[in-house]
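Overview (structure and organization)
As a plain string of letters, each chain reads:
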Amino acid sequence: LVLVGAWVAGLALTTDPRPPVVLGAVGLAGAVVLGRVRPASLVAGLAPLVFAALTVGFFNALLNPANANPAFAAVTSLGPIRLTAPAISAGVALSCRVGAVAALGIAFGLTTDTTRLVDALVQQAHMPERFAYGALAAFQAIPRLAEDLVALREARRIRGLRASWHPRILVGLLVLAIRRADRLAVAMDARGFGSGQRTRFRSVEWSLADGVLLGVGVAVLVVAMALGRGA
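Residues numbered from 1 in each chain as written. Predicted model: local features only at pLDDT ≥ 70, side-chain atom pairs only at ≥ 80, totals over all residues. Heavy atoms only, no water.

Quick word on the overall build of the chain
- The secondary structure content of the chain amounts to eight helices and two strands.
- Starting at the N terminus, the α and β elements of the chain follow one another as α-α-α-β-β-α-α-α-α-α.
- Structurally, the chain occupies a C-alpha span of about 70 × 60 × 30 Å along its principal axes.
- Relative to its full complement of 231 residues, the chain shows a buried share of 28%.
- When contacts within the chain are restricted to residue pairs at least 6 apart in sequence, long-range pairs at least 24 apart make up 63% of them.
- Averaging the locations of the 22 positively and 11 negatively charged side chains of the chain gives two centres separated by 9 Å. (Helix = DSSP H or I, 4+ residues; strand = E, 2+ residues; numbered from the N terminus. Buried < 20%, exposed > 50% of the residue type's maximum accessible area, 1.4 Å probe, protein only. Contact = heavy atoms within 4.5 Å. Lys, Arg positive; Asp, Glu negative; His and termini not counted. Charge placed at Lys NZ, Arg CZ, Asp CG, Glu CD.)

Put into structure tokens, the structure is as follows:
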């Protein structure tokens, strides 16, 4: 999490397309080699995000103010629309940055167990237990909302009502979510979350491999940013 955060912060400080390409490629390679993620899973997760990155880059280039500057020669034009080299460079750079952030997010999500992540945040980063485990429970409750939606629509269909979208379905989902949150809060209070020192069922320790990964990641970030400054 710290490493991905540092890389994303570095991407926010550069407009050169080379650092995003390097960091995105290294992140995906690390997910495949170290995280043992199937390439098909990466492709499935990245496909819509890559399309979004290309779309953002295209419109950024199309609407760039440099296109209206007569001092820049048009690389291509279609009627009154013209594209200049600075506009295209800005669009490519932005597209690479968005794509790299998406790649790092997908790699992090596919190689990180949410429960172990929360355990590490509580034990190592000293995040409040109520907030950390409450957020984890909310994240894990998302699939249950889909199940509740199916159950509510089937119940309406059995009663002879429309099973399509209806405000009462949303109200029913809200009621079920509030009831589940109330039960969760009672369960967390019964287990003593936030009441002081507690024993740990899962202990997350800092290891040498973590330090090596962080060191290599910082070195990769420095090299990638140096490539951008050397442009």
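Still more to cover.
What to know about helix H5 (residues 114-123)
- Along H5, seven of the 10 residues are buried, which leaves the element largely enclosed by surrounding structure.
- Considered for burial, the residues of H5 that qualify are Thr 115, Val 118, Asp 119, Ala 120, Leu 121, Val 122 and Gln 123.
- The N-cap residue of H5 is Asp 113: its side-chain oxygen and the backbone nitrogen of Thr 115 are 3.2 Å apart. (Polar contact = N/O pair within 3.5 Å; in protein donor to acceptor, adjacent residues only side chain to side chain.)

Some thoughts on the packing of helix H1 (residues 2-11) against helix H4 (residues 85-111)
- H4 packs onto H1 with a crossing angle of 175° between their chain directions and a minimal axis gap of 10 Å. Put simply, H1 runs roughly antiparallel to H4. In contact with Val 4, Trp 7, Val 8 and Leu 11 of H1, H4 contributes Arg 97, Ala 100, Val 101, Leu 104 and Phe 108.
- Split by residue class, the contact of H1 with H4 holds eight nonpolar, no polar and one charged. (Axes fitted to C-alpha atoms, helices over the stretch in contact; angles between N-to-C directions. Parallel < 35°, antiparallel > 145°, perpendicular 65-115°, else oblique. Nonpolar A, V, L, I, M, F, W, Y, C, P; charged D, E, K, R; others polar.)

With respect to the confidence of the model for the chain
- Across the chain, pLDDT averages 84, with 96% of residues at or above 70.
- Per-element confidence in the chain ranges from a low mean pLDDT of 75 for strand S1 (residues 74-78) to a high of 92 for helix H2 (residues 18-33). (pLDDT = per-residue confidence, 0-100.)

Focus on the pattern of salt bridges
- Under the defined criterion, the tally for this structure stands at two salt bridges.
- Taking the shortest distance from any N to any O, the salt bridge between Asp 16 and Arg 18 comes out at 3.2 Å.
- Using a relative accessible area of 38% as the deciding quantity, one classes Arg 18 as partly exposed.
- Close ionic contact of Arg 180 with Asp 148 constitutes a salt bridge, the shortest N to O distance being 3.1 Å. Remark: Asp 148 occurs in helix H6 (residues 129-158) and Arg 180 occurs in helix H7 (residues 167-190); sequence separation between them is 32 residues.
- According to the relative accessible area criterion, Arg 180 is buried, its value standing at 18%. (Salt bridge = Lys/Arg side-chain N within 4 Å of Asp/Glu carboxyl O.)

A word on the environment of Ala 181
- Mapped onto the fold, Ala 181 is located in helix H7.
- Sequence separation between Ala 181 and Ala 137 is 44 residues, and the spatial gap between their C-alpha atoms is 8.9 Å.

Considerations on the packing of H1 against helix H8 (residues 208-229)
- Where H1 meets H8, the axes come as close as 10 Å, and the angle between the chain directions of the two elements is 10°. With respect to their mutual orientation, H1 and H8 come out roughly parallel. Of the residues in H8, those in contact with Val 2, Leu 3, Ala 6, Trp 7 and Gly 10 of H1 are Leu 213, Leu 214, Gly 217, Val 218, Val 220, Leu 221 and Met 225.
- Its residues assigned to classes, the contact of H1 with H8 comprises 10 nonpolar, two polar and no charged.

Remarks on the packing of aromatic side chains
- Using the criterion set out here, one finds one aromatic pair in the structure.
- Residues Phe 58 and Phe 59 carry aromatic rings whose centres are separated by 5.3 Å and whose planes lie at 75° to one another, so their mutual orientation is edge-to-face.
- According to the relative accessible area criterion, Phe 59 is partly exposed, its value standing at 43%. (Phe/Tyr/Trp six-rings, centres within 6.5 Å; stacked < 30°, edge-to-face > 60°.)

Some details on a nonpolar patch on the surface
- On the surface, Val 32, Val 33, Leu 34 and Leu 213 cluster together to form a nonpolar patch covering roughly 380 Å² of accessible area.
- You can see Leu 34 is positioned in the loop between H2 and helix H3 (39-62). (Patch = residues over 30% accessible without salt bridge, like charges linked within 9 Å, V, L, I, M, F, W, Y side chains within 5 Å. Areas by Shrake-Rupley, 256 points an atom, 1.4 Å probe, with all protein chains shown as cover.)

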